[in-house]
Amino acid sequence: MICVDCDRAILGPAVRAGVGESMSGARLDGYAHPPESEECQPKEHSKQALRKALRAQAAAGRR
Ligand SMILES: [Zn+2]
């Protein structure tokens with residue numbers, strides 16, 4: 001499985017990520033690293049910010 005956020009292989013657990021709602025209207029489902037995963041290192045800055053937010057959220061939810 002390849003992570004849709006960072007394009008790296010997912011070795012551990014994965015979560016389903018909706019990639020769809022693209023211009024073509026085709027719905028493409030993919031997999032992504034879990035929110036709390038430290039392995040996810042997207043190259044894009046927008047995705048990096050999203051991952052950071054997800055990690056913070058996951059950490060807060062665990063309490
Ligand atoms: Zn990833």
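Residues numbered from 1 in each chain as written. Predicted model: local features only at pLDDT ≥ 70, side-chain atom pairs only at ≥ 80, totals over all residues. Heavy atoms only, no water.

### Quick notes on the pattern of salt bridges
What the rule picks out here adds up to one salt bridge. Its salt-bridge partner being Asp-5, residue Arg-51 comes within 2.9 Å of it at the nearest N-O pair. Pair noted here: Arg-51 is in helix α1 (residues 45-61) and Asp-5 is in the segment before β1 (15-18), with a separation of 46 residues, a long-range link. Taken as a pair, Arg-51 and Asp-5 share a single burial class, namely buried. (Salt bridge = Lys/Arg side-chain N within 4 Å of Asp/Glu carboxyl O. Helix = DSSP H or I, 4+ residues; strand = E, 2+ residues; numbered from the N terminus. Buried < 20%, exposed > 50% of the residue type's maximum accessible area, 1.4 Å probe, protein only.)

### Structural notes on the environment of Val-4
By secondary structure assignment, the location of Val-4 is in the segment before β1. Note on Val-4: relative accessible area 24%, which makes it partly exposed. Along the chain, Val-4 and Ala-17 lie 13 residues apart, while their C-alpha atoms are 7.6 Å from each other.

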